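Chain residues, written in single-letter form:
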Amino acid sequence: MDAKTNKVTDSIPTGAGPRFETFGGGAIWTLNQGDGTISRVDVKSRKVVATIEAGLTGTGGEIAFGLGHVWATLFQIPITEIDPATNTVVHQWVGDGGDSIRAGHGSVWLSNLRAHTVWRIDPEQLK
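Everything in this summary refers to the structure shown in the same document. Source: prediction; values computed, not measured. (Residues numbered from 1 in each chain as written. Predicted model: local features only at pLDDT ≥ 70, side-chain atom pairs only at ≥ 80, totals over all residues. Heavy atoms only, no water.)

## Overview of the sheet that holds strand β5 (residues 62-66)
In space, the four strands of this open sheet follow the order β5-β6-β7-β8, with antiparallel pairing throughout. Edge strands, defined here as strands with exactly one partner in the open sheet, are β5 and β8 (88-93). Adjacent strand axes in the sheet meet at a mean angle of 20° when their direction is disregarded. As judged from the five bridges shared by β5 and strand β6 (residues 69-74), these two strands associate in the antiparallel manner. Pairing of E62 across the sheet is with T73, part of β6. (Pairing = 2+ DSSP bridges. Helix = DSSP H or I, 4+ residues; strand = E, 2+ residues; numbered from the N terminus. Axes fitted to C-alpha atoms, helices over the stretch in contact; angles between N-to-C directions.)

## A closer look at the side chain of S39
On the secondary structure map, S39 appears in strand β3 (residues 37-42). What makes S39 buried here is its relative accessible area of 1%. A polar side-chain atom of S39 sits 2.9 Å from a polar atom in the side chain of N32. Leaving out residues up to four positions away in the same chain, S39 has contacts with T14, G15, I28, W29, T30, N32, V48 and A50. (Buried < 20%, exposed > 50% of the residue type's maximum accessible area, 1.4 Å probe, protein only. Polar contact = N/O pair within 3.5 Å; in protein donor to acceptor, adjacent residues only side chain to side chain. Contact = heavy atoms within 4.5 Å.)

## Concerning the environment of T14
On the secondary structure map, T14 appears in the segment before β1 (18-24). Overall, the relative accessible area of 25% leaves T14 in the partly exposed class. For the pair T14 and K47, spaced 33 residues apart in sequence, the C-alpha to C-alpha distance is 9.0 Å. Discounting residues that sit within four places of it in the chain, T14 has contacts with T30, N32, S39, V41 and V48. Within the structure, the side chain of T14 is placed 3.4 Å from the side chain of N32, a separation counted as a polar contact.

## Some details on the nonpolar core
Of all hydrophobic cores here, the largest spans 14 residues; its most connected members are W29, L31, I38, L56 and I63. Listing elements by their share of this core, those giving two or more residues are β2 (27-32), β6 and β7 (77-83). Apart from residues no more than four positions distant in its own chain, I38 is found in contact with W29, T30, L31, N32, A50, T51, I52, A54, L56, I63, A72 and I82. Judged by nonpolar contacts, the second largest core, of nine residues, contains W71, I79, A103 and I121. (Core = buried A, V, L, I, M, F, W, Y, C linked by side-chain atoms within 4.5 Å.)

Function cannot be read off these values alone, since they describe shape.
In structure tokens, the structure reads:
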């Protein structure tokens, strides 16, 4: 999108059913709910440079870039952490939670829609 004109400038195919996106580390990242992957689009070349198998199929969820990593969430898979240096999932947790995720101020922030809660998580505790 061109911010001045609100016109679409590019359309870049990613994985099946892209629904959420974030920006960081020189890339646009999409959470593709149709096939459970995360696509990394290089902002300079405007091409998909990595497709990461994350197992995140379904509805709901979110993706964010912060603290040098990509963070994704989905119901029953509340936190998936991706290392952009290797384009791989480095940690993934299953269980209750998952709806929206952000990373900043030294913490990972995760909302649990069903419980109406927000958790502040020290990323060092996730290792």
